[in-house]
Amino acid sequence: MSFSDRDGYIWYDGKMVPWREATTHTLTYTLHYGAGCFEGVRAYETSKGTAIFRLKEHTRRLFNSAKIIGMAMPFSEDELNEAQLEVLRANKLKEAYLRPMVFYGSEGMGLRAAGLKTHVIVAAWTWGSYLGAENMERGIRVKTSSFQRQYVNAAVCRAKANANYLNSSMALNEVLKDGYDEALMLDPEGFVAEGSAENIFVVTDGVISTPDVTSALDGITRRTVMKLAEDLGYKVRERRITRDEIYVADEAFFTGTAAEVTPIRELDNRAIGSGSRGPITQKLQATYLAQVKGQREEYPEWLSHI
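This one's a predicted model, so the numbers in the text were calculated from it and none came from an experiment.

K.L.:
For this particular structure, what's the right way to read the overall build of the chain?
P.N.:
If you tally the helices and strands in the chain, you get eight helices and 17 strands. Relative to the globule expectation of 19 Å for 306 residues, the C-alpha radius of gyration of the chain, 19 Å, shows essentially globular dimensions. If one aligns the C-alpha atoms of the chain with their principal axes, the spans along those axes are about 55 × 45 × 35 Å. The buried share among the 306 residues of the chain stands at 53%. Here the contacts in the chain between residues at least 6 apart in sequence split such that 69% fall between residues at least 24 apart.

K.L.:
How should the domain arrangement of the chain be read in this particular structure?
P.N.:
Interfaces are often sized by the accessible area lost when the parts come together. Each assigned domain of the chain is listed with its residue range as follows: domain 1 (9-125) and domain 2 (133-293). Contact with domain 1, which involves 23 residues of that partner, is made by 21 residues of domain 2. Roughly 1900 Å² is buried in total at the junction of domain 1 and domain 2, and carbon and sulfur atoms are behind 63% of that figure. Summed over the shared surface of domain 1 and domain 2, the result is one salt bridge.

K.L.:
Got a minute to help me understand the pairing of strand E4 (residues 41-46) in this structure?
P.N.:
The side chains of a regular strand alternate between the sheet's two faces. Among the six residues that make up E4, five are buried, leaving the element largely enclosed by the rest of the structure. Across four bridges, the pairing between E4 and strand E5 (residues 49-53) is antiparallel. When the bridges of E5 are listed, Thr46 appears paired with Gly49. Taking the residues between adjacent antiparallel strands as the criterion, E4 and E5 are bridged by two residues.

K.L.:
Where do I start with empty space enclosed by the protein in this structure?
P.N.:
A probe matching the size of a water molecule, rolled over the atoms, marks out where space remains unfilled. Enumeration according to the criterion identifies three cavities of 30 Å³ or more in this entry. In this structure, the largest cavity encloses a volume near 50 Å³. For the largest cavity, the full set of lining residues is Val41, Arg42, Tyr44, Phe53, His58, Ile220, Thr221, Thr257 and Tyr288. At the level of secondary structure, the elements contributing two or more residues to the lining of the largest cavity comprise E4 and helix H6 (220-231). Of all the elements, E4 adds the most residues to the lining of the largest cavity, at three residues. Here the residues of the lining of the largest cavity are counted per class, giving five nonpolar, three polar and one charged.

K.L.:
Honestly, the packing of helix H2 (residues 55-69) against helix H3 (residues 77-91) in this entry has me stumped. Any pointers?
P.N.:
Each pair of packed helices gets described by two things: the angle between the helix axes and the distance between those axes. Across the interface, H2 lies against H3 with an axial gap of 10 Å and an inter-helix angle of 125°. With respect to each other, H2 and H3 are oriented oblique. Classified by chirality, the crossing of H3 by H2 is right-handed. Contacts between H2 and H3 involve Leu55, Lys56, Thr59, Arg60 and Phe63 from the first element and Glu77, Leu80, Asn81, Gln84 and Leu85 from the second. Residues of the contact of H2 with H3, tallied by class, amount to four nonpolar, three polar and three charged.

K.L.:
Can you walk me through the nonpolar core in this structure?
P.N.:
The nonpolar side chains of soluble globular proteins are, as a tendency, buried together. Within the largest apolar cluster, 27 residues are counted, with the highest numbers of intra-cluster contacts made by Trp11, Ile52, Leu80, Leu88, Leu98, Val122 and Ala124. Put simply, the parts of the chain that give this core at least two residues each are E4, H2, H3, strand E6 (96-104) and strand E7 (118-125). Not counting residues within four places of it along the chain, the set of residues in contact with Leu98 comprises Glu39, Gly40, Val41, Arg42, Ala43, Ile52, Gln84, Leu88, Val122, Ala123 and Ala124.

K.L.:
Is there a simple way to explain unusual backbone geometry in this structure?
P.N.:
Peptide bonds are trans in most cases, and residues, glycine excluded, mostly fall at negative phi. For Lys92, which is not a glycine, the phi torsion comes out positive at approximately 55°. Checked against the element boundaries, Lys92 lands in the loop between H3 and E6. Positive phi outside glycine occurs at Asn269, with the angle close to 70°. Mapped onto the fold, Asn269 is located in the loop between strand E15 (260-267) and strand E16 (270-271).

K.L.:
Got a minute to help me understand helix H5 (residues 165-176) in this structure?
P.N.:
For an α-helix, the turn length of 3.6 residues means that residues three or four places apart are oriented alike. The terminal C-alpha atoms of H5 lie 16 Å apart, and with twelve residues this matches the ideal 16 Å at 1.5 Å per residue to within 8%. The set of residues buried in H5 consists of Asn167, Ser168, Ala171, Leu172 and Val175. In an axial view of H5, the angular spread of the buried residues amounts to 125°, which keeps them on one side of the axis. At its buried positions, H5 is contacted by strand E8 (140-144) and strand E9 (182-186).

K.L.:
So what exactly am I meant to see when it comes to the pairing of E9 here?
P.N.:
Taking burial as the measure, the five residues of E9 include five buried ones, the bulk of the element. Across three bridges, the pairing between E8 and E9 is parallel. Considered in E9, the bridge of Thr144 is made with Leu184. Since E8 and E9 lie parallel, the crossover through H5 that links them has a hand, and here it is right-handed. Taken together, the three bridges between E9 and strand E10 (residues 192-195) define a ladder with antiparallel strand orientation.

Each value, and the rule that gives it
Residues numbered from 1 in each chain as written. Predicted model: local features only at pLDDT ≥ 70, side-chain atom pairs only at ≥ 80, totals over all residues. Heavy atoms only, no water. Helix = DSSP H or I, 4+ residues; strand = E, 2+ residues; numbered from the N terminus. Rg over C-alpha atoms; globule rule 2.2 N^0.38 Å. Buried < 20%, exposed > 50% of the residue type's maximum accessible area, 1.4 Å probe, protein only. Contact = heavy atoms within 4.5 Å. Domains from an automatic or database assignment. Buried area = accessible area lost by both parts, 1.4 Å probe. Salt bridge = Lys/Arg side-chain N within 4 Å of Asp/Glu carboxyl O. Pairing = 2+ DSSP bridges. 1 Å grid on protein atoms, 1.4 Å probe; cavity = no way out; pocket = protein on both sides within 12 Å on 5 of 7 lines; lining within 4 Å. Points joined across faces, edges and corners; volume = space filled by probe spheres on them. Nonpolar A, V, L, I, M, F, W, Y, C, P; charged D, E, K, R; others polar. Axes fitted to C-alpha atoms, helices over the stretch in contact; angles between N-to-C directions. Parallel < 35°, antiparallel > 145°, perpendicular 65-115°, else oblique. Left-handed = near helix turned anticlockwise from the far one by under 90°. Core = buried A, V, L, I, M, F, W, Y, C linked by side-chain atoms within 4.5 Å. Expected span 1.5 Å × (residues − 1). Arc of directions from axis to C-beta. Right-handed = clockwise from strand over helix to strand, strands pointing away.

Okay, here's the thing in structure tokens:
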């Protein structure tokens with residue numbers, strides 16, 4: 001089904017608009033120049049009803065992204081938090097993926113355009129496992145892309161900016177054509193950065209490592225998994241990682257709001273560990289899913305109930 005041809009509602013500049021009417025002019029500035037920011041957020045069904053996982057942290061990052069690229073926000077964080085809860089209510093969704101986005105309108109054209117207005121939307125829809133439900137158990141096949149993560153001084157890497165994802169799209173589609181499930185991107189110095197839309201973790205001799213966020217996105221799921229791993233007694237290190245180090249690792253996995261915790265069974269035609277989901281990955285995956293579904297007593301503040 002086309003994303004433009006659906007029933008439901010989208011929150012658009014403070015109003016709940018019927019899905020098919022939530023349209024934008026073809027000369028909107030962001031469509032031409034990529035100057036916008038977005039978030040990926042998930043809501044889960046819990047024993048206490050539907051709840052958004054780490055809503056406030058996602059909204060805070062959206063505002064930080066807008067600040068980095070110089071966008072004035074027309075709504076407060078509290079208003080955007082409430083908008084996301086309201087979208088779930090209006091669409092009667094028990095579990096959902098939410099997409100808040102801020103973008104410039106069609107008030108002007110050309111890079112020099114003045115008087116641009118910041119517009120805000122929040123959409124939500126049912127979306128299962130991003131990399132496939134079966135891959136949550138068996139793991140995915142990954143290939144190192146020829147497209148590298150942007151140089152930290154050539155792009156606003158700390159912002160979750162629309163324009164940054166052209167690079168990710170190129171990397172992902174390159175490896176999909178070769179039959180792989182996801183891309184691994186290196187930084188300009190040749191060290192491991194992240195997937196096309198996920199952070200990466202490597203497990204060796206019981207120690208969990210992940211690249212620092214110099215050029216990789218400061219993922220909220222990344223932070224969550226690091227905290228859960230430490231609570232479970234694992235050592236977690238942020239450091240530089242080489243591609244061949246992953247080849248000989250015991251386990252590897254991706255994290256992200258859409259990907260959740262997805263095992264990597266193969267990189268560049270080399271099996272990782274046993275070639276299937278490893279025990280530490282399985283433990284973290286189960287703990288994460290229990291956390292987001294409200295099945296753990298720890299960190300109740302991470303859930304915002306509708």
